[in-house]
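Listed here are the chains, written in short residue letters.
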Amino acid sequence: MNDMIDEILLSCQEELDKAINHQKNEYLLIRAGRANPHILDKVSIDYYGVPTPIKNMASITVPEARMLVISVWDASQVKNVSKAIAMADLGVTPNDDGKVIRLTFPILTEERRREIVKNVKKIAEETKITSRNARRDAIAMLKDLEKEGSISEDMLASAEDEVQRLIDNAIVKIDEACKLKEKEIMEV
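The text that follows walks through the structure, step by step, so that each part is easy to find. What you see is a predicted model, and the numbers here were worked out from it, not measured in a lab. (Residues numbered from 1 in each chain as written. Predicted model: local features only at pLDDT ≥ 70, side-chain atom pairs only at ≥ 80, totals over all residues. Heavy atoms only, no water.)

Right, let's talk about the packing of aromatic side chains for a bit. Summed over the entire model, instances satisfying the criterion amount to one aromatic pair. Between Tyr47 and Tyr48, the ring centres sit 4.8 Å apart and the planes meet at 55°, which makes this aromatic pair tilted. On the accessibility criterion, Tyr47 (24% relative accessible area) is partly exposed. (Phe/Tyr/Trp six-rings, centres within 6.5 Å; stacked < 30°, edge-to-face > 60°. Buried < 20%, exposed > 50% of the residue type's maximum accessible area, 1.4 Å probe, protein only.)

In C-alpha cells form, the structure reads like this:
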C-alpha cells in the first residue's frame with residue numbers, strides 16, 4: 001500500500017495491543033478464589049519516604065492454593081506492610097507474626113463470584129470501547145489522507161477494511177480473555 005497507510009495501521013495495532021495488555025493486567029489483579037501474588041501489585045508502602053511496591057521489598061510465595069506468604073526483607077517494615085495491605089481493601093485480612101505476613105483467601109460465595117464476573121465483563125467492555133476509539137481515530141486519519149489527495153478512494157476503502165480486520169481480531173482476543181477469566185472465577 002502506501003507508507004502513510006502502513007503507519008496508521010501500525011499505530012492502530014499498537015493501540016489495540018496496549019488495550020488488550022491492559023485488560024490482561026487488570027484481570028491479574030482480580031481475585032478468583034485462589035491466591036495470586038499479582039493482587040498485591042498496586043499496594044505500595046512508604047519505605048523511607050519512597051512509595052515502594054511490596055514485591056520490591058519482600059518475597060511473596062504461594063504455599064497452598066488459598067494462601068500467600070509475604071516475607072519482608074526489612075523486619076522493621078513488617079507492620080507497615082501489613083497495615084498497607086489492610087488499607088488496600090483486598091478482601092483479605094493480613095495476619096502477621098512479626099516475621100512473615102500470611103494472607104488467607106476465603107472461599108468465594110456464588111454471589112461474590114457473580115459480582116466479580118460482572119467486573120470482568122465491564123473491563124472487557126471498556127477494552128472494546130478503547131478498540132473502537134482506535135478504529136475511529138485510524139479511519140479519521142485515513143479520510144484526512146484521502147481529502148488531501150494522498151490516497152485514492154479505493155486505497156481508502158481497502159485501508160478501512162484492514163482497520164476493521166484488526167478490530168475484529170482484537171475483539172476476538174478480548175472476548176477470549178474475558179471467557180477464560182470468567183471460567184476461572186466460576187470454578188469452585
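Now for the nonpolar core. By size, the foremost hydrophobic cluster in this structure holds 31 residues, and its most contacted members are Cys12, Tyr27 and Val163. At the level of elements, α1 (3-28), α3 (110-148) and α4 (153-186) are the ones that each hand at least two residues to this core. A total of 11 residues in this core trace back to one element, the largest contributor, which is α4. In this structure Val163 touches Leu9, Cys12, Arg135, Ala138, Ile139 and Leu142, once residues within four positions along its chain are discounted. Counting residues in hydrophobic clusters, the runner-up holds 20 residues, among them Val43, Ile54, Val81 and Ile101. (Core = buried A, V, L, I, M, F, W, Y, C linked by side-chain atoms within 4.5 Å. Helix = DSSP H or I, 4+ residues; strand = E, 2+ residues; numbered from the N terminus. Contact = heavy atoms within 4.5 Å.)

The next thing to look at is the sheet that holds strand β3 (residues 58-64). The sheet built from four strands is open, its strands ordered β3-β4-β6-β5 with antiparallel pairing. Of all the strands in the sheet, the pair left with one neighbour each is β3 and β5 (94-96). The average angle at which neighbouring strand axes cross in this sheet is 25°, direction not considered. Note that β3 and strand β4 (residues 67-72) share five bridges and pair antiparallel. Within the sheet, the bridge partner assigned to Thr61 lies in β4 and is Val69. (Pairing = 2+ DSSP bridges. Axes fitted to C-alpha atoms, helices over the stretch in contact; angles between N-to-C directions.)

Turning next to the pattern of salt bridges. Enumeration according to the criterion identifies 13 salt bridges in this entry. The residue Lys128 makes a salt bridge to Asp175 at a minimum N-O spacing of 2.7 Å. Remark: Asp175 occurs in helix α4 and Lys128 occurs in helix α3; sequence separation between them is 47 residues. Note that Arg136 and Asp137 form a salt bridge whose closest N and O atoms lie 3.3 Å from each other. (Salt bridge = Lys/Arg side-chain N within 4 Å of Asp/Glu carboxyl O.)

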